[in-house]
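Examining the three-dimensional arrangement
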Amino acid sequence: MLDLMRLFGQVVEEQSFTVVARKLGISQPAVSNQIRAFEEKLGVKLLYRKGKGFALTPEGETVYRHTLHMLDEWSELMREIGDSEILMSGKVHIGASHIPGEYLLPVYLSEFRKLYPEIKFKLSIGDSLEMAEKVLAHEVDFAVVGAIFDTEKLTSEFWMKDELGFVVSCQHPLSTSESIDLDSIKGDPMIIRETGSGHRRTFEEALAKRDLDLNDFNIALEVGSTESVKNAVRSGIGYSFLSKHALESCEKQGIKWAKVKGLNIERGFYLLTRRSKPLTVIAGECYRYLADQRPDKD
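Please read all numbers here as calculations on a predicted model, not as lab measurements.

1. Things to note about a positive patch on the surface
On the surface, Lys-91, Arg-113, Lys-120 and Lys-122 cluster together into a patch of positive charge. Relative to the elements of secondary structure, Lys-91 occurs in strand S3 (residues 90–96).

2. A short note on the side chain of Ser-169
When you line up the elements, Ser-169 lands in strand S6 (residues 154–169). Relative accessible area serves as the criterion here: at 5%, Ser-169 is assigned to the buried category.

3. Thoughts on the packing of aromatic side chains
According to the stated counting rule, one finds 13 aromatic pairs in the structure shown. With centroids separated by 5.4 Å and ring planes inclined at 70°, the aromatic side chains of Phe-17 and Phe-54 adopt a geometry described as edge-to-face. Note that Phe-17 is positioned in helix H2 (residues 17–24) and Phe-54 in strand S2 (residues 53–56), a separation of 37 residues in sequence. Residue classification places Phe-54 among the buried positions, given a relative accessible area of 13%. Between the aromatic rings of Phe-112 and Phe-121, the centroid separation amounts to 6.0 Å while the plane-to-plane angle is 65°, which identifies the pairing as edge-to-face. Taking the relative accessible area as the measure of exposure, Phe-121 reaches 23% and is therefore partly exposed.

4. Regarding the pattern of salt bridges
Scanning all chains against the criterion turns up 15 salt bridges. Here Arg-193 and Glu-194 are joined by a salt bridge, their closest N and O atoms 2.8 Å apart. Note that Arg-200 and Glu-204 form a salt bridge whose closest N and O atoms lie 3.7 Å from each other. With Arg-200 and Glu-204 both in helix H7 (residues 198–208) and 4 residues apart, this pair spans about one turn of that helix.

5. Describing the environment of Ile-180
Looking at the element boundaries, Ile-180 is found in strand S7 (residues 179–180). It is 5.9 Å that separates the C-alpha atoms of Ile-180 and Lys-261, two residues lying 81 residues apart in sequence. In this structure Ile-180 touches Phe-166, Leu-174, Ile-185, Ala-258, Lys-259, Val-260 and Lys-261, once residues within four positions along its chain are discounted.

6. Some words on the packing of helix H1 (residues 2–14) against helix H3 (residues 28–42)
Packing of H1 against H3 leaves a shortest axis separation of 10 Å and a crossing angle of 115°. In terms of crossing hand, the pair formed by H1 and H3 is left-handed. Side by side, H1 and H3 meet where Leu-4, Met-5, Leu-7, Phe-8 and Val-11 of the first sit next to Val-31, Gln-34, Ile-35, Phe-38 and Lys-41 of the second.

7. Considerations on unusual backbone geometry
A positive phi angle is found at Gln-15, which is not glycine, with a value near 55°. The topology assignment puts Gln-15 in the loop between H1 and H2. Residue Asp-211 is not a glycine yet carries a positive backbone phi of 60°. Within the secondary structure, Asp-211 sits in the loop between H7 and strand S9 (218–223). Exposure remark for Asp-211: the relative accessible area of 72% places this residue in the exposed category.

What counts and what doesn't
- Residues numbered from 1 in each chain as written.
- Predicted model: local features only at pLDDT ≥ 70, side-chain atom pairs only at ≥ 80, totals over all residues.
- Heavy atoms only, no water.
- Patch = residues over 30% accessible without salt bridge, like charges linked within 9 Å, V, L, I, M, F, W, Y side chains within 5 Å.
- Areas by Shrake-Rupley, 256 points an atom, 1.4 Å probe, with all protein chains shown as cover.
- Salt bridge = Lys/Arg side-chain N within 4 Å of Asp/Glu carboxyl O.
- Lys, Arg positive; Asp, Glu negative; His and termini not counted.
- Charge placed at Lys NZ, Arg CZ, Asp CG, Glu CD.
- Helix = DSSP H or I, 4+ residues; strand = E, 2+ residues; numbered from the N terminus.
- Buried < 20%, exposed > 50% of the residue type's maximum accessible area, 1.4 Å probe, protein only.
- Phe/Tyr/Trp six-rings, centres within 6.5 Å; stacked < 30°, edge-to-face > 60°.
- Contact = heavy atoms within 4.5 Å.
- Axes fitted to C-alpha atoms, helices over the stretch in contact; angles between N-to-C directions.
- Left-handed = near helix turned anticlockwise from the far one by under 90°.

The following block contains the structure:
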């Protein structure tokens, strides 16, 4: 019955039998048959056709409300008995934007695995928007991203602060400057992250506070990852703005960091989950472990 409830909840959330079938790797008729079996067990009609889609009957709305509650209760039960080594095994699939995925999570996941060595991880890395879409599509358990996504279906919890700073090659004429004037670099070649990245969104918001946008600058190269930005800066293509988390011992990497006068570029990293989908026992334990690593956590 629990599996039927989960399936029913997914169909209602996605508003599509076909989408749910594709995600579960089964046929659309199989999903329809299982929903019909659920209706027969309950003795009520849950859905009715409306246009090209469907809607909940009054009984369906009641069942859906209780389904969410009962799945939450089941998840909580599993958490409370989750100290069992048998339960604390399996795989956690985490989505992450580039900075947390490449520079922060590997360290924390290594420490977490010392507590639960039977747990395995899959880490998918992309821009923040892409990872939010993966959370929505049930393709990852949760994500760590550089932007807030508080919507009807997604919720974000602050995790860690980040700061972006000006970077150039150690051979660049500006590499000896301790502080950079923004107006003086507008005509110089700039390397920027791709649209959709939390990094780029944060940079554009900081520029907007100075009544500027990217059209005021000489964008020479747009790339899809932090490492690509670093390699382009090192090669002398131009300057960029990068996270401090990506630039520890940056001068050993051939890159010089400096502050820009009057341009404070800060953002947060956030733990991102679906509002209506309880995490599995092991994913929930991993999520709470990461949440407990916040610097301001007592």
